[in-house]
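# Structural features, examined
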Amino acid sequence: MAGLDHIRTDGRPDPENGFLDTPMGLSRLEAWALNAVRRWGPLGLTVRASIAAVLGSVLISVAVMIVIVGPGATMISPGLVLSSAVPTIVAPPVIAVIVRLIARLDATGQELVSAATTDPLTGVFNRRGFFDGFDATEIAEGPLAVAIVDVDDFKQLNDRFGHPKGDAILRHLATLLVEHAEEEGVVARLGGDEFVLVAPSDAIRRLHTREILTSAAVAYSATVGKADLGDDGLQAALATADAELYRHKSNRRRGRTDD
């Protein structure tokens with residue numbers, strides 16, 4: 001299926017299976033060759049294509065001999081042997097080079113897709129990967145919800161402990177969200193210190209509106225805004241979760257608590 005079918009079971013992008021599953025801008029033959037490499041591997045496709053080339057050459061040669069000599073011909077001419085021997089010798093190496101080139105181009109394309117859709121710091125989806133490929137039907141059966149998670153006072157943490165510690169906090173939070181999602185959820189870094197988690201409603205409800213965490217001996221907290229993913233779609237759910245997140249932050253600044 002299309003959509004976020006390039007997520008692994010741990011909620012992170014999978015560079016081995018991404019947006020190139022349905023190649024764009026390729027002819028049917030080119031798409032077939034690409035999918036054949038993925039299905040059988042370079043060696044498997046080379047063997048199959050070489051056998052097909054040899055058998056095809058033999059059949060064509062036999063057909064030509066029957067036409068020229070007649071259907072009663074029983075003698076195999078040197079030309080028939082030669083016409084069968086040439087593809088036997090030439091086809092496998094030529095096909096092997098072509099198949100290897102297809103495999104390398106495919107691997108390069110998958111790496112480019114992974115780089116374009118994955119956050120390099122945390123390893124989860126980036127904004128583009130999340131929004132471009134989102135399809136709720138690919139995540140889990142049953143009701144879903146979204147959570148927007150924002151590190152509290154992240155700039156102050158960076159200023160106080162340095163950017164390496166700040167990066168460690170972001171990686172730590174991303175890992176915790178992936179673990180929380182278990183096998184049914186998608187995690188993305190929308191930008192800066194803001195993450196989104198789409199998962200079954202039960203998993204989202206288990207998140208507190210403020211999570212107290214520790215990474216690399218640095219204590220920090222993260223505020224969570226939640227919303228059900230309903231018929232209004234992803235954007236509406238994100239807007240509701242974002243409004244709840246900032247309501248929690250505002251209440252906390254005023255000395256109020258939410259949970």
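In what follows, the accompanying structure is described. This is a predicted model, so every value here is computed, not measured.

As a further point, take helix 4 (residues 154-161). Along an α-helix, residues three or four positions apart point the same way, because every turn accommodates 3.6 residues. Here helix 4 has its buried residues at Phe154, Leu157 and Asn158. Buried residues of helix 4, viewed axially, fall in a sector of 100 degrees; they line one side. Opposite the buried face of helix 4, at more than 90 degrees from it, the exposed residues are Lys155, Asp159 and Arg160. Lining the buried residues of helix 4 we find strand 1 (144-151), helix 5 (163-181) and strand 5 (218-229). Just past helix 4, the residue glycine 162 takes up positive phi, approximately 95 degrees.

Under the definition given, this model contains seven salt bridges. Among the salt bridges present, the one from lysine 249 reaches aspartate 150, with a minimum N-O distance of 3.1 Å. Highlighted residues: lysine 249 in helix 7 (residues 234-253) and aspartate 150 in strand 1, separated in sequence by 99 residues. Residue classification places lysine 249 among the buried positions, given a relative accessible area of 12%. In this structure, aspartate 202 engages arginine 205 in a salt bridge whose closest nitrogen and oxygen atoms are separated by 2.3 Å. Of this pair, aspartate 202 and arginine 205 both sit in helix 6 (residues 201-205), separated by three residues, roughly a single helical turn.

Among the nonpolar cores identified, the biggest contains 26 residues, and Val149, Val151, Leu173, Leu177, Phe195, Leu197 and Tyr220 are the most heavily contacted of them. Top contributing element to this core by residue count: helix 5, with seven residues. Among all residues touching valine 149, those that are not within four sequence positions of it are Leu173, Leu177, Asp193, Glu194, Phe195, Ala222, Thr223, Val224 and Leu245. Membership of the second largest hydrophobic core comes to 19 residues, among which are Phe130, Ala140, Val186 and Leu229.

The next point concerns the environment of glycine 129. Locating glycine 129 in the fold gives a position in helix 3 (residues 127-133). Counting along the chain gives 60 residues from glycine 129 to arginine 189, while the straight-line C-alpha distance between them is 9.7 Å.

Parameters and conventions
Residues numbered from 1 in each chain as written. Predicted model: local features only at pLDDT ≥ 70, side-chain atom pairs only at ≥ 80, totals over all residues. Heavy atoms only, no water. Buried < 20%, exposed > 50% of the residue type's maximum accessible area, 1.4 Å probe, protein only. Helix = DSSP H or I, 4+ residues; strand = E, 2+ residues; numbered from the N terminus. Arc of directions from axis to C-beta. Contact = heavy atoms within 4.5 Å. Salt bridge = Lys/Arg side-chain N within 4 Å of Asp/Glu carboxyl O. Core = buried A, V, L, I, M, F, W, Y, C linked by side-chain atoms within 4.5 Å.

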